[in-house]
Amino acid sequence: MRPKAAYAALYTVLVMTVTLTVCGNLVVIISVSHFKQLHTPTNLILLSLAVADFLVGLIVLPLSMTALIETCWYFGDMLCSVYKFFDSVLISVSLSNLVLIAIDRYFAVCDPLLYSTKITVNVMHLLILFSWLLSPSYMLAFLYLNGNFDGADKLNSCLGECLFVVSEIWGIINLIITFILPCLIMIALYVKIFLVARRHAKVISSSAEKKHVRENTGKISKISERKAAKKLGIVVLAFLLCWIPCYIWILTEGNVNVSTTAALFTPTVIVYLNSCVNPILYALLYPWFQKSLKLIFTFKICCTASSFINLFQDKHENVMYVG
């Protein structure tokens, strides 16, 4: 039993985290779905990511955090299995969407002339659908083969526990599939993007020098380069900070048998923060999001033809965003 003040503080944090995760991702979903100007391949991934993170905040976070605060699972064996399935699948889908964003940005920056023919809306629909079908299939097999659906008696759990069971071999396999490969792919793509962007900046500076406007264009090139480096650094750093502690902890544990009540004190809970941070990283960094946010909260999206409102301040911003 905790003091009442401790319960009040913990539930306040829970409510704030859930509210931020649900509302932040809901605004992204409404924005991308409503405004026609945002119906691009890149934003389809953003929409898919927001849906996954929205469901994490709506379904997974309240169940897991309530159990962690109360130090007991009060929701029964059936809901325990449902919780474990949604928890694993939604985190996996969110991770795969981050990889798709990296792939999309790679083609947009490194092969801009063929980007519109390679990465179309239909192609992106198929990739996102494949991601949403593959993740549940893999996680169902993963949880079943590790005995997570065998019931509380076979898992040797105490009353009031909801266990995640992962063998040592499957822990290594899952580490490679769900972390090492996506991490290597993202880092490789973002490094390539940064190098190409740097090379483009040098070419622009060289061309500007020949036209005797080196000073102004040089400043623009350096500013653009710093902005690109900052955004890529934030994306990669947030991903690594949320996932590396979890997998280091799993590796050091070896044969992992994690109860939900104990998970509050392990790095696995940090993974949930990724769903809360994603709306900030992938939405608030875009200028169009602030404008769509104002339109939503002022109820202007209810007006006729509001879906055709221009969300970009100028043509340059529009070109940069689409590219």
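Our structure is the block above this text.
So, a few notes on the structure that sits alongside this text. Numbering of residues starts from 1 in every chain and runs along the sequence as written. The predicted nature of this model means local features are confined to residues of pLDDT at least 70 and side-chain atom pairs, given and counted, to a pLDDT of 80 or more, with totals for whole chains, interfaces and linings taken over all residues. Only hydrogens and water are set aside; all other atoms, that is, all heavy atoms of the structure, feed into the side-chain values.

1. Considering the overall build of the protein
Spelled out, the test is: The helix and strand labels rest on DSSP assignments: H or I over at least four residues marks a helix, E over at least two residues marks a strand, and numbering proceeds from the N terminus. Partly exposed residues are those whose accessible area sits between 20% and 50% of the maximum for their type, while under 20% is buried and over 50% is exposed, using a 1.4 Å probe and protein chains only. Whether two residues are in contact is decided by their heavy atoms: any pair within 4.5 Å suffices. Note on areas: Shrake-Rupley, 1.4 Å probe, and residue coverage restricted to the protein chains presented here.
Of regular secondary structure, the protein possesses 10 helices and two strands. In sequence order, the secondary structure elements of the protein are arranged as α-α-α-α-α-β-α-α-β-α-α-α. Burial status across the protein gives 44% buried among its 323 residues. Taking all contacts inside the protein whose residues are at least 6 apart in sequence as the whole, residues at least 24 apart take part in 78%. As displayed, the protein has an accessible area near 17500 Å², and 71% of this comes from carbon and sulfur atoms.

2. Digging into the pattern of salt bridges
To keep it simple, the criterion reads: By convention in these notes, a salt bridge is any Lys or Arg side-chain nitrogen within 4 Å of a carboxyl oxygen on Asp or Glu.
Inspection of every chain in the model, using the stated rule, returns two salt bridges. Across the pair R105 and D104 runs a salt bridge whose closest N-O atoms are separated by 2.8 Å. On the accessibility criterion, R105 (17% relative accessible area) is buried.

3. A word on the side chain of N25
Our working definition: Distance and chemistry together define a polar contact, namely a pair of N or O atoms within 3.5 Å, with one atom able to donate a hydrogen and the other to accept it when in protein, and with adjacent residues in sequence counting only for side-chain atoms on both sides.
Checked against the element boundaries, N25 lands in helix α1 (residues 4-34). Residue classification places N25 among the buried positions, given a relative accessible area of 1%. For N25, the side chain forms a polar contact with the main-chain oxygen of S275, separated by 3.3 Å. Residues within four places of N25 in sequence aside, it is in contact with L20, L49, A50, D53, F54, S275 and P279.

4. Observations regarding the packing of helix α2 (residues 41-70) against helix α5 (residues 121-145)
The criterion, for reference: Each axis is a line fitted through C-alpha atoms, and for a helix only the stretch in contact is used; angles between axes span 0 to 180 degrees, taken between their N-to-C directions. The scheme is simple: roughly parallel for angles under 35 degrees, roughly antiparallel for over 145, roughly perpendicular for 65 to 115, oblique for anything else. With the far helix as reference, a near helix turned anticlockwise by less than a right angle produces a left-handed crossing, and one turned clockwise produces a right-handed crossing. Each residue gets one of three labels, nonpolar for Ala, Val, Leu, Ile, Met, Phe, Trp, Tyr, Cys and Pro, charged for Asp, Glu, Lys and Arg, and polar for the others, Gly among them.
Running from N to C, α2 and α5 cross one another at 25 degrees; their axes reach a closest spacing of 8 Å. As judged from the angle between their axes, α2 and α5 are roughly parallel. Taken as a pair, α2 and α5 cross one another with a handedness that is right-handed. Contact residues: P41, L44, I45, S48, V51, A52 and L55 in α2; V121, M124, H125, I128 and W132 in α5. Taken together, the residues of the contact of α2 with α5 sort by class into 10 nonpolar, two polar and no charged.

5. Observations concerning the nonpolar core
Here is the rule: Only buried residues count toward a nonpolar core. Its members are Ala, Val, Leu, Ile, Met, Phe, Trp, Tyr and Cys residues joined through side-chain atoms within 4.5 Å.
With 64 residues, the main nonpolar core has W73, Y83, M186, F239, W243, Y272 and W288 as its most contacted residues. Those elements giving two or more residues to this core turn out to be α1, α2, α3 (76-110), α5, α6 (168-210), α7 (214-253), α8 (270-284) and α9 (287-297). Broken down by element, the residue count for this core peaks at 15 residues, all from α2. Membership of the second largest hydrophobic core comes to eight residues, among which are V89, Y138, F142 and V166.

6. What to know about a nonpolar patch on the surface
As a reminder, the rule being used: Patch membership requires over 30% relative accessible area and the absence of a salt bridge. Like charges are linked within 9 Å, and nonpolar side chains (Val, Leu, Ile, Met, Phe, Trp, Tyr) within 5 Å.
Together, I169, I172, I173, I176, I177, I180, L181, L184 and I185 make up an exposed nonpolar region whose accessible area comes to about 760 Å². Mapped onto the elements, I169 comes out in helix α6.

7. A word on the packing of aromatic side chains
Here is the rule we go by: Within 6.5 Å between ring centres, the rings of Phe, Tyr and Trp (the latter by its six-membered ring) count as paired, and their orientation is classed by plane angle as stacked under 30 degrees, edge-to-face over 60, tilted in between.
The full count for this structure, using the stated rule, is six aromatic pairs. With 5.3 Å between their ring centres and 40 degrees between their planes, W73 and Y83 make a pair best called tilted. Taken together, the positions of W73 in the loop between α2 and α3 and Y83 in helix α3 put the pair 10 residues apart, joining distant regions of the chain. Overall, Y83 belongs to the buried group, its relative accessible area being 3%. With a centroid separation of 5.5 Å and an interplanar angle of 80 degrees, the aromatic rings of Y106 and F107 are classed as edge-to-face. The class of F107 is partly exposed, set by a relative accessible area of 24%. Aromatic ring contacts, followed pair by pair, group W73, F75 and Y83 into a single cluster.

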